[in-house]
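Structural features, examined
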Amino acid sequence: MKSKILIIGACGQIGSELTFKLRQLYGHDQVIASDISYSNLDIVNSGIFEIVDAQNYASVKVCVEKYGIDTIYLMAAMLSATGEKFPMKAWDLNMQSLFHVLNLARAKFIKKVFWPSSIAVFGPTTPKEYTPQYTVMEPSTVYGITKQVGERWCEYYHNKYGVDVRSLRYPGIISWKTLPGGGTTDYAVEIYHKAITDGFYDCFLSEKTELPMMFMDDAIKATVDIMAASNDAIKIRSSYNLAAISFTPQEVAESIKTHLPDFRISYTPDYRQDIADSWPKSINDAYARQDWKWKHAFKLEDITKEMLLQLNKKYSATLST
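Reference entry: report on the structure contained in this document. (Residues numbered from 1 in each chain as written. Predicted model: local features only at pLDDT ≥ 70, side-chain atom pairs only at ≥ 80, totals over all residues. Heavy atoms only, no water.)

Turning next to the sheet that holds strand E3 (residues 49–51). Strand order in this open sheet of six strands is E3-E2-E1-E4-E5-E7, and the pairing throughout is parallel. Bordering the open sheet on either side are E3 and strand E7 (164–166), each of which pairs with just one other strand. When the angles between neighbouring strand axes are averaged without regard to direction, this sheet yields 20°. Relative to E3, strand E2 (residues 31–35) is paired through three bridges, and the arrangement is parallel. (Pairing = 2+ DSSP bridges. Helix = DSSP H or I, 4+ residues; strand = E, 2+ residues; numbered from the N terminus. Axes fitted to C-alpha atoms, helices over the stretch in contact; angles between N-to-C directions.)

Turning our eyes to something else, we now look at the state of the cysteines. This structure, assessed with the given rule, holds zero disulfides. Left without a disulfide partner, Cys-63 is nearest to the cysteine sulfur of Cys-11, which lies 13 Å away. For Cys-63, a relative accessible area of 5% translates into the label buried. (Disulfide = S-S within 2.5 Å. Buried < 20%, exposed > 50% of the residue type's maximum accessible area, 1.4 Å probe, protein only.)

Once that is clear, we can look at the packing of helix H5 (residues 87–106) against helix H6 (residues 142–161). The geometry of H5 relative to H6 is characterised by a closest axis approach of 10 Å and an angle of 15° between their N-to-C directions. Here H5 is positioned roughly parallel relative to H6, judged by the angle of their axes. Read as a crossing pair, H5 and H6 show a hand that is right-handed. Mapping the contact onto sequence places Pro-87, Ala-90, Trp-91, Asn-94, Met-95, Leu-98, Phe-99, Leu-102, Asn-103 and Arg-106 in H5 and Val-142, Tyr-143, Ile-145, Thr-146, Val-149, Gly-150, Trp-153, Cys-154, Tyr-157 and Tyr-161 in H6. Partitioned by chemical class, the residues of the contact of H5 with H6 number 15 nonpolar, four polar and one charged. (Parallel < 35°, antiparallel > 145°, perpendicular 65-115°, else oblique. Left-handed = near helix turned anticlockwise from the far one by under 90°. Contact = heavy atoms within 4.5 Å. Nonpolar A, V, L, I, M, F, W, Y, C, P; charged D, E, K, R; others polar.)

Residues Ile-174, Tyr-187, Tyr-192, Phe-247 and Met-307 are the most contacted members of the largest nonpolar core, which totals 38 residues. Elements with a minimum of two residues in this core: helix H7 (187–197), strand E10 (200–203), strand E11 (211–215), strand E13 (245–247), helix H9 (249–257), helix H10 (272–277) and helix H12 (300–320). The element that contributes the greatest number of residues to this core is H7, accounting for six residues. In this view, Tyr-187 contacts Tyr-201, Cys-203, Phe-204, Leu-205, Phe-247, Thr-248, Pro-249 and Val-252; residues no more than four positions away in its chain are not counted. Judged by nonpolar contacts, the second largest core, of 36 residues, contains Tyr-73, Tyr-170, Ala-233 and Ile-234. (Core = buried A, V, L, I, M, F, W, Y, C linked by side-chain atoms within 4.5 Å.)

Next up on the list: the pattern of salt bridges. Scanning the model with the defined rule gives 11 salt bridges in all. If you follow the salt bridges from partner to partner, you end up with Asp-164, Arg-166 and Arg-237 in one network. (Salt bridge = Lys/Arg side-chain N within 4 Å of Asp/Glu carboxyl O.)

Attention now moves to the side chain of Glu-50. Structurally, Glu-50 can be placed in strand E3. Beyond its immediate sequence surroundings of up to four residues, Glu-50 is in contact with Ile-32, Ala-33, Ser-34, Asp-35, Cys-63, Lys-66 and Tyr-67.

Below, the discussion takes up the environment of Leu-211. Mapped onto the fold, Leu-211 is located in strand E11. We classify Leu-211 as buried; its relative accessible area is 0%. Along the backbone, Leu-211 and Thr-185 are 26 residues apart, and their C-alpha atoms lie at a distance of 8.0 Å. In contact with Leu-211, not counting residues within four places along its chain, are Thr-185, Leu-205, Ile-245, Ser-246, Phe-247, Ala-276, Trp-279, Pro-280 and Lys-281.

Quick look at the sheet that holds strand E9 (residues 172–174) now. Overall, mixed pairing links the three strands, which are arranged E9-E11-E13 in an open sheet. Of all strands in the sheet, those with a lone pairing partner are E9 and E13, marking the two edges. Strand-to-strand twist across the sheet, computed as the mean angle between neighbouring axes with direction ignored, equals 45°. Relative to E11, E9 runs parallel, the two sharing three bridges. From the neighbouring strand, Ile-173 faces E11, where its bridge partner is Met-214. Strands in contact with H7 are E9, E11 and E13; relative to E9, the strand with the most contacts, it is inclined by about 25°. In this fold helix H8 (residues 216–228) packs onto E9 and E11, with an angle of close to 80° to the strand it touches most, E11.

In structure tokens form, the structure reads like this:
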């Protein structure tokens with residue numbers, strides 16, 4: 001019997017690409033996309049789509065019962081930079097949505113849950129280099145606090161009620177398909193857009209700010225892989241460290257210049273700099289690589305080549321219409 005999958009927050013940056021991948025793997029009729037609005041018409045028009053309010057238990061439950069859902073990917077969240085502007089809204093969205101899904105699993109309406117955590121769970125007191133799976137976690141942002149608390153609840157629901165919940169601590173995600181969603185690592189997407197459209201980018205982080213990053217294809221692969229792994233293989237029920245590469249804005253700019261020699265960059269750090277400074281520079285994800293054989297594919301050179309290639313096509317197509 002095939003799984004029936006619901007993606008909550010399917011119109012977002014990761015949710016949209018995850019939706020396409022899961023539909024490719026499991027079939028369009030098996031994957032129901034949902035969000036609070038019709039904000040991404042590519043998703044809305046590519047298969048079954050439902051309006052679902054992640055903060056409303058009844059809204060989620062009705063959709064689960066309507067389609068016989070057994071697996072939920074909860075991708076709805078308010079990210080770090082936006083969360084600092086609207087702290088209570090971020091808390092309410094990020095926590096209520098998680099409790100609704102965990103409680104559905106506890107009540108046996110669904111069998112399996114994916115919930116994304118983030119490197120934002122770490123804070124200024126966390127070791128910066130090769131941050132271990134188990135370490136000091138004192139997040140300094142609302143987003144990070146919600147993710148740290150969420151990890152504890154995920155582990156609690158697994159230990160107390162047997163809920164099959166799986167989670168990854170995503171680093172910064174880079175994608176050419178969707179625009180950034182209000183995160184501190186968004187510069188690493190914006191810079192490629194501006195390189196093509198303006199030949200210039202004013203970065204909101206300093207040139208030496210090193211952060212863990214990952215190409216979207218790798219992030220989607222990790223998400224699919226952890227959910228496909230056997231129950232026994234998943235040893236950590238809070239959230240797994242996940243890593244690919246780390247780099248600075250200056251290193252991205254130099255990578256772009258190998259393709260676009262005239263590209264220029266300046267640095268005007270804003271409030272997001274303090275957030276970035278509280279996060280790790282690199283991540284130790286040995287447990288993910290050991291337990292369910294995680295392995296990344298994209299290096300910085302690969303990311304830059306693919307981003308510039310695909311965005312050039314995208315902007316050329318826009319100009320020709």
